[in-house]
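# Descriptive structure summary
Here is how the chains run, residue by residue.
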Amino acid sequence: MSTHSDRTGKAQKGGGLYARRADIFPRAVDGFYRRLKWAIMGVTLAIYYITPWLRWDRGPYAPDQAVLVDLANRRFYFFSIEIWPHEFYYVAGLLVMAGVGLFLLTSTVGRAWCGYACPQTVWTDLYLHIERFIDGDRNAQLRLKKAPLGPKKIFKRVTKHAAFLIVAVLTGGAWVFYFADAPTLARDLVAGDAATVAYLTIGVLTFTTYWLGGWMREQVCIYMCPWPRIQSAMLDERSLIVTYKDWRGEPRSRGTKRQSDDPVGDCIDCNACVAVCPTGIDIREGPQIGCITCALCIDACDEMMSKVDRPRGLIDYATLEDCDAERKGAAPVPVRRTIFRSRTFLYFGLWAAVGLGMLFMLGQRTRLDLSVGQERNPLYVQLSGGEVRNAYTVKIRNMETRPRPVRVSIEGLPGAVMWDSLGSDDSAAAALEIEVGPDQVERRRIYVRAPRQGEAPAEFRFRLTSLDGMPAEDIDSVRFDRPGEN
Amino acid sequence: MSTDHEDKQIDAATGTEFKGHEWDGIQELNTPLPRWWLWTFYATIIFAIGYCIAYPAIPLLDRATAGVLNWSSRGQLEKDVAAAEAERASVTEELARIPIERLDPESPLMRAAIAGGAAAFRVNCVQCHGSGAAGSKGYPNLNDDEWLWGGDLSAIHYTIAHGIRQPGDEDTRMSLMPAFGRDGMLSSEEIEDVVSYVRVISHQEQPSQSAQRGATIFANNCAACHGANGTGSRAFGAPNLTDPIWLYGGDRATLNETVTNSRRGMMPAWDGRLDPVTIKMLAAYVHSLGGGEQSANVGDPVTSPDAPVAGETEAE
């Protein structure tokens, strides 16, 4: 790709083992897309930093944090939804939705994820702003780079990297709050009492944020991230991408040349689009992998076009299909016709179907659950009184955040009695009453004794009934084995 | 590089220099690796060198270099075992202190003992009693409620500690049923009759003439240990003959063999082979398998070990 050679060509002339990163000093720009980027950056950062601090009252037996990934107790809290490990398919469903959502987004508005919402983009953007605040805009930064190392330059460099590190620590620091009670953890972190893994996580995320946002920047997008390559394959000729309309702009010329009689295009070759690009590409060379479609070049170009009194949109969001049409003289296509088409409807339908399916499942799921497994070693025990005993592992899952008294009873096995393996058969009865702790799985080994009748295994059922007035029931069918003919 | 080309060729399309290699008109571009990748690569090399110095790494003829940290997987295992034992120390100490019959069945200590016993059982007992403790012909099923020597905690504990018919252990369980046929105490007809009788009282056969004759033979020869009505005696380790549970089988041929030649089942005495805490844990586990009895249901557990010794002298 041309980007690659342009960006790295100079360093390669020497034929060294590695290509030195060419520094990029994007110029500040204002315009519609820049303001859109500000808004999205604000929203995404706010979501990231504020979410762990939201509270949600779940009663005395459960944490009050709205969003909490409780790895130690293997629970996942998301507002009113509590996910147990065996319900992890909801997370799988969310991942499917995220995947299909990205297909949907990419096929409609192109690489909007890359340009606006990707964490690498958001934090790099934040770092670029900090850099401009301390070092000044593009030209000042270029001058500072060339300047010899003096007190002023050292001061600016130290300040800048200190600011980068503060942002990095805050980023890593916010992450750990998702995994523990935020106010408690914040106190512990300051007091030095928090778990080692918390400090370690903050350390790792501080390093990655500082390194990826402060140093690697666009190299992450161009060399490390697999996503642009996948995304390029998902774009089609009807996806929106940032395009330079060369049939309108070429041949480009600047200054006095424009006064000549030769036909000239609208492009005044001011290089504003290149100067503002955070990945350092020249959009006028056509679609390329380095373009994250952040549209800052559109803002820069529109500003210039207004100044020289030419129509805006020399660089614009357009589909390849529209480009071909426009090149042949057709009018620009309204964006809504690009967005609403069968492919995007299909993706949206798929995405919505998974979402609705999950909502339906959430509505249907039980919060009291019985599962019985028969002991298989041995399958049955012949008792001296002529009866037969089978053993079962009974698991009762109470997914409510309060203790629940329940009754376990036997159906369909005449004369059967049962008792808890911890007690003796003196307490044998047709039903057992058990109190299951809040948010817990009660696991009991239960013995069932029945008169020996015939030799074929009998099917029967365990029934679980809630005794706390809130009707809830579950049934599990199991087998009762008896000595057969040998 | 030894061959330095005077005129470096540049690829027109990309502006990149050629390496100078060509195969069938296809040339290699000099596209360098990214610096971060190289640094990562160098870091792994440095790490590998450090690792080789610190840990055992280089294989010699009969061992590997020790490494300056003196680490070894064997040493690691010993440390882990020691750590695990230290962790269990509170449980083992308490178990060592508390007499087996005083163990509270509902306590966490009992649960710990049962879990430990289950592990010890899988190592020491499954060879004969099976992984589910269901036994097999000649090896008692420990899940059921039939016990030759008693099924409460202390009786089970005693049996595990001293074994059955173990020479060298004076306190071992010792039941000795005579070989009535082989030793000429009963004729083969008499044995057939007593087998008929035993099958009648265990509800496997209808009463018959043979069984009637057998009842008299039973009263004269068997009732001393098995009881007048055949319900057995734990004092002598004599099985209950009226229930459906048979250690060797209840069919005619097996019973005939048992009466003719007797059975001399054995079990090792685990005292001395296993530490006292493990034996307690095993007793707790076997008791928990479903047939465990409360101490009150059983006769004095202290008398039972003495009785078989008396039975032995009687038989010899």
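This is a predicted model, so every value here is computed, not measured. (Residues numbered from 1 in each chain as written. Chains lettered and ligands numbered in written order. Predicted model: local features only at pLDDT ≥ 70, side-chain atom pairs only at ≥ 80, totals over all residues. Heavy atoms only, no water.)

## So, the overall build of chain B
- When helices and strands are counted, chain B shows 11 helices and three strands.
- When the helices and strands of chain B are read in sequence order from the N terminus, they spell out β-β-β-α-α-α-α-α-α-α-α-α-α-α.
- The globule rule puts the C-alpha radius of gyration for 316 residues at 20 Å, and the 36 Å found for chain B is more than 25% above it.
- With the C-alpha coordinates aligned to their principal axes, the bounding extent of chain B is approximately 120 × 50 × 40 Å.
- Expressed as a percentage of its 316 residues, the buried residues of chain B come to 38%.
- A fraction of 57% describes how many contacts in chain B between residues 6 or more apart in sequence connect residues 24 or more apart.
- Averaging the coordinates of the 23 positive side-chain charges in chain B and doing the same for the 42 negative ones gives two points 2 Å apart. (Helix = DSSP H or I, 4+ residues; strand = E, 2+ residues; numbered from the N terminus. Rg over C-alpha atoms; globule rule 2.2 N^0.38 Å. Buried < 20%, exposed > 50% of the residue type's maximum accessible area, 1.4 Å probe, protein only. Contact = heavy atoms within 4.5 Å. Lys, Arg positive; Asp, Glu negative; His and termini not counted. Charge placed at Lys NZ, Arg CZ, Asp CG, Glu CD.)

## Observations concerning a nonpolar patch on the surface
Residues and elements named next belong to chain B.
- Nonpolar side chains collect at one region of the surface, where Leu33, Trp37, Trp39, Phe41, Tyr42, Ile45, Ile49, Ile53, Val68, Leu69 and Trp71 lie side by side and expose about 1,100 Å² of accessible area between them.
- For the nonpolar patch, the leading source of residues is helix H1 (residues 35–54), giving seven residues.
- Counting through the fold element by element, Phe41 comes out in helix H1. (Patch = residues over 30% accessible without salt bridge, like charges linked within 9 Å, V, L, I, M, F, W, Y side chains within 5 Å. Areas by Shrake-Rupley, 256 points an atom, 1.4 Å probe, with all protein chains shown as cover. Salt bridge = Lys/Arg side-chain N within 4 Å of Asp/Glu carboxyl O.)

## Focus on the confidence of the model for chain B
Residues and elements named next belong to chain B.
- Taken residue by residue, chain B gives an average pLDDT of 87. The fraction at 70 or more is 91%.
- Across residues 1–5 the pLDDT falls below 50, and counting only partners more than four positions away or on other chains, this stretch makes one contact in the model.
- Contacts for the low-pLDDT stretch residues 297–316, under 50 throughout, to residues beyond four places or in other chains number 16 contacts.
- On the interface metric, ipTM, the complex scores 0.73, and its pTM is 0.71. (pLDDT = per-residue confidence, 0-100.)

## A few points about the pairing of strand S11 (residues 417–420) of chain A
Residues and elements named next belong to chain A.
- Across the two faces of S11 the burial is the same, with Val417 and Trp419 and Met418 and Asp420 all buried.
- Sheet topology places S11 next to strand S13 (residues 440–451); four bridges connect them, and they run antiparallel. Counted as the bridge partner of Trp419 is Tyr447 from S13. (Pairing = 2+ DSSP bridges.)

## Overview of the packing of aromatic side chains
- For the structure shown, the criterion picks out 29 aromatic pairs over all chains.
- Between Tyr33(A) and Tyr317(A) the ring centres are 5.3 Å apart and the planes differ by 70 degrees, which places this aromatic pair in the edge-to-face class. Of the two residues, Tyr33(A) is situated in helix H2 (residues 32–50) and Tyr317(A) in strand S6 (residues 315–318); the sequence distance between them amounts to 284 residues. Neither Tyr33(A) nor Tyr317(A) differs from the other in exposure class; each is buried.
- Ring plane angle 40 degrees and centroid distance 6.2 Å describe the contact between Phe41(B) and Tyr42(B), whose orientation is recorded as tilted.
- Site record: aromatic cluster; members linked through ring pairs are Tyr48(A), Tyr49(A), Trp123(A), Trp175(A), Tyr178(A) and Phe179(A).
- Looking at Arg75(A), its charged tip hangs above the ring of Trp84(A), at a distance of 3.5 Å from the centre. (Phe/Tyr/Trp six-rings, centres within 6.5 Å; stacked < 30°, edge-to-face > 60°. Lys NZ or Arg CZ within 6 Å of the ring centre and 35° of its normal.)

## Structural notes on the sheet that holds strand S15 (residues 473–480) of chain A
All names here are of chain A.
- Read across the sheet, four strands follow the order S12-S10-S14-S15 without closing on themselves; strand pairing throughout is antiparallel. Looking at strand neighbours, the two that pair on one side only are strand S12 (431–436) and S15, the edges of this open sheet. Each strand axis lies, on average, 25 degrees off the axis of its neighbour in the sheet, ignoring direction.
- Here strand S10 (residues 404–411) runs beside strand S14 (residues 458–466); their pairing, made up of six bridges, is antiparallel. Counted as the bridge partner of Glu411 is Arg461 from S14. (Axes fitted to C-alpha atoms, helices over the stretch in contact; angles between N-to-C directions.)

## What about the pattern of salt bridges?
Residues and elements named next belong to chain A.
- Across all of its chains, the model carries 44 salt bridges over all chains by this definition.
- Where Lys145 meets Asp23, a salt bridge forms, and the shortest distance between an N and an O atom there is 3.3 Å. Placement of the pair is Lys145 in helix H6 (residues 138–146) and Asp23 in the loop between strand S1 (18–19) and H2, with a sequence separation of 122 residues.
- Given a relative accessible area of 39%, Asp23 falls into the partly exposed group.
- Residues Glu131 and Arg217 are paired through a salt bridge, measuring 3.0 Å at the closest nitrogen-oxygen approach. Within this pair, whereas Glu131 is found in helix H5 (residues 119–135), its partner Arg217 is found in the loop between helix H9 (196–216) and helix H10 (218–224), the two being separated by 86 residues in sequence. You'll find Glu131 and Arg217 in the same group, each marked buried.
- Residues participating in the shared-partner salt-bridge network are Glu131, Asp135, Arg157, Lys160 and Arg217.

## Section: helix H3 (residues 108–124) of chain B
Residues and elements named next belong to chain B.
- With 17 residues, H3 ought to run about 24 Å at 1.5 Å a step, and its terminal C-alpha atoms sit 24 Å apart, in line with that.
- For H3, the set of buried residues is Leu109, Met110, Ala113, Ile114, Gly116, Gly117, Ala118, Ala120 and Phe121.
- Turning to H3, the residues buried within the fold contact helix H2 (73–97), helix H4 (126–129), helix H5 (153–162) and helix H10 (276–287). (Expected span 1.5 Å × (residues − 1).)

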